[in-house]
Amino acid sequence: MKIRLLKYKKVSSTNNIAINLIKRNRIRPTIVLSKAQMKGRGTRGKKWISKKGNLFITIFFEINQKKIDFKQYAIMNAFILKNIISKYVNKKVTIKWPNDLLIEKMKVCGILQEIVNHDNKIYLIVGIGINTCSTPNINSVKATSLREFAKKKITNQKILKDIKSIYQKLIKYHTI
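Residues numbered from 1 in each chain as written. Predicted model: local features only at pLDDT ≥ 70, side-chain atom pairs only at ≥ 80, totals over all residues. Heavy atoms only, no water.

**Points about the overall build of the chain**
Inference 1: Within the chain, the regular secondary structure consists of 3 helices and 7 strands.
Inference 2: In sequence order, the secondary structure elements of the chain are arranged as β-α-β-β-α-β-β-β-β-α.
Inference 3: In terms of overall size, the chain behaves like a compact globule, its C-alpha atoms giving a radius of gyration of 15 Å where 176 residues would be expected to give roughly 16 Å.
Inference 4: For the chain, the spread of C-alpha atoms along the principal axes amounts to about 45 × 30 × 30 Å.
Inference 5: Classification of the 176 residues of the chain by burial places 51% in the buried group.
Inference 6: Contacts spanning at least 24 positions in sequence make up 67% of the contacts within the chain whose residues lie at least 6 apart.
Inference 7: Summed over its atoms, the accessible surface of the chain is roughly 9900 Å², and 52% of this surface lies on carbon and sulfur atoms. (Helix = DSSP H or I, 4+ residues; strand = E, 2+ residues; numbered from the N terminus. Rg over C-alpha atoms; globule rule 2.2 N^0.38 Å. Buried < 20%, exposed > 50% of the residue type's maximum accessible area, 1.4 Å probe, protein only. Contact = heavy atoms within 4.5 Å. Areas by Shrake-Rupley, 256 points an atom, 1.4 Å probe, with all protein chains shown as cover.)

This is the structure:
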């Protein structure tokens, strides 16, 4: 099944849009993309600073809880995104468990996983924020952007295409 792409100009949070879609029975695997995110969320109630021009997406799909557990998805998602981001930069990308990707100890990507139970089915929601072109000012953590370490031209569309392609294969070949 192909992953559909829903594009928005401005949302409160791409994860919130995904949750609302599931609750309205729009449950086909989907990527929610927004150019602006007003109230991006991080783990433990932290705020994700969504600086204009960066990539803000959420992907969601049904999972079979009996086949794999939530922690395994966290590991899988971190490695998927690390591999994608590594294609675009000339520095090593590291994982700060459970949900951050770093370049030279500076945060470049955040991942927020959530589970939604709806109609006796379980859906995994994976929120992804990547600082592609600009670095947000964050007091609690040093941040960076991919542009600062680029080895080739970076566009949100290219990264989105990579993400969609990998998750589409994952969903197709692993009855999740």
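The discussion continues.
**With respect to the nonpolar core**
Inference 1: One finds C109, I130, L146, I159, I163 and Y167 to be the most contacted residues of the largest nonpolar core, which totals 38 residues.
Inference 2: Residue assignment for this core shows that the elements contributing at least two residues are strand 2 (30-37), strand 3 (55-63), helix 2 (70-86), strand 4 (93-96), strand 5 (100-103), strand 6 (106-118), strand 7 (121-130) and helix 3 (156-173).
Inference 3: No other element matches helix 2, which puts 7 residues into this core.
Inference 4: Judged by nonpolar contacts, the second largest core, of 12 residues, contains L21, I22, V32 and Y123. (Core = buried A, V, L, I, M, F, W, Y, C linked by side-chain atoms within 4.5 Å.)

**Some details on the pairing of strand 6**
Inference 1: Within strand 6, 11 of the 13 residues are buried, which leaves the element mostly enclosed by the surrounding structure.
Inference 2: In this structure, strand 5 lies alongside strand 6, joined through 4 bridges in antiparallel fashion. Bridge pairing in strand 6 places L102 opposite K107.
Inference 3: Turn length for the strand 5-strand 6 hairpin, with the two strands adjacent in sequence and antiparallel, is 2 residues, and the turn residue E104 shows positive phi of about 50°.
Inference 4: In this structure, the hairpin formed by strand 6 and strand 7 is closed by a connection of 2 residues, where D119 is found at a positive phi of approximately 50°. (Pairing = 2+ DSSP bridges.)

**A look at the environment of L146**
Inference 1: Looking at the element boundaries, L146 is found in the loop between strand 7 and helix 3.
Inference 2: A relative accessible area of 0% places L146 in the buried class.
Inference 3: In this view, L146 contacts I85, V89, I103, V108, I130, N131, T132, I154 and I159; residues no more than four positions away in its chain are not counted.

**Some points on the sheet that holds strand 7**
Inference 1: Strand order in the open sheet formed by 7 strands is 1-2-3-7-6-5-4, and the pairing between neighbours is mixed. Of all the strands in the sheet, just strand 1 (4-11) and strand 4 have a single pairing partner and so form its edges. Between one strand and the next, the sheet's axes are offset by a mean angle of 20°, whatever the strand orientation.
Inference 2: The pairing of strand 4 with strand 5 spans 4 bridges and is antiparallel. The partner of I95 across the bridge, within strand 5, is L101.
Inference 3: Where helix 1 (residues 14-23) meets the sheet, its contacts fall on strand 1, strand 2, strand 3, strand 6 and strand 7, and the angle it forms with strand 3 comes to roughly 30°. (Axes fitted to C-alpha atoms, helices over the stretch in contact; angles between N-to-C directions.)

**Considerations on the packing of aromatic side chains**
Inference 1: Evaluation of the coordinates by the stated rule reveals 2 aromatic pairs.
Inference 2: The interplanar angle of 40° and the centroid separation of 6.2 Å between the aromatic rings of F61 and Y167 together place this pair among those described as tilted. Of this pair, F61 sits in strand 3 while Y167 sits in helix 3, and the two are 106 residues apart along the sequence.
Inference 3: Its relative accessible area of 0% is what places Y167 among the buried residues.
Inference 4: Plain terms: the ring middles of F79 and W97 are 5.9 Å apart, the flat faces sit at 55° to each other, and that makes the pair tilted. (Phe/Tyr/Trp six-rings, centres within 6.5 Å; stacked < 30°, edge-to-face > 60°.)

**Quick notes on the pairing of strand 3**
Inference 1: When you tally the buried positions in strand 3, you get 8 out of 9 residues, the bulk of the element.
Inference 2: As defined by bridge partners, strand 2 adjoins strand 3 across 5 bridges and the pair is classed as antiparallel. Each residue of the ladder has a partner; that of S34, found in strand 3, is F56.
Inference 3: Both strand 3 and strand 7 contribute to a ladder of 9 bridges, which runs antiparallel. Looking at the pairing, E62 lines up with Y123 of strand 7.

These values are about where atoms sit, not about what they do.
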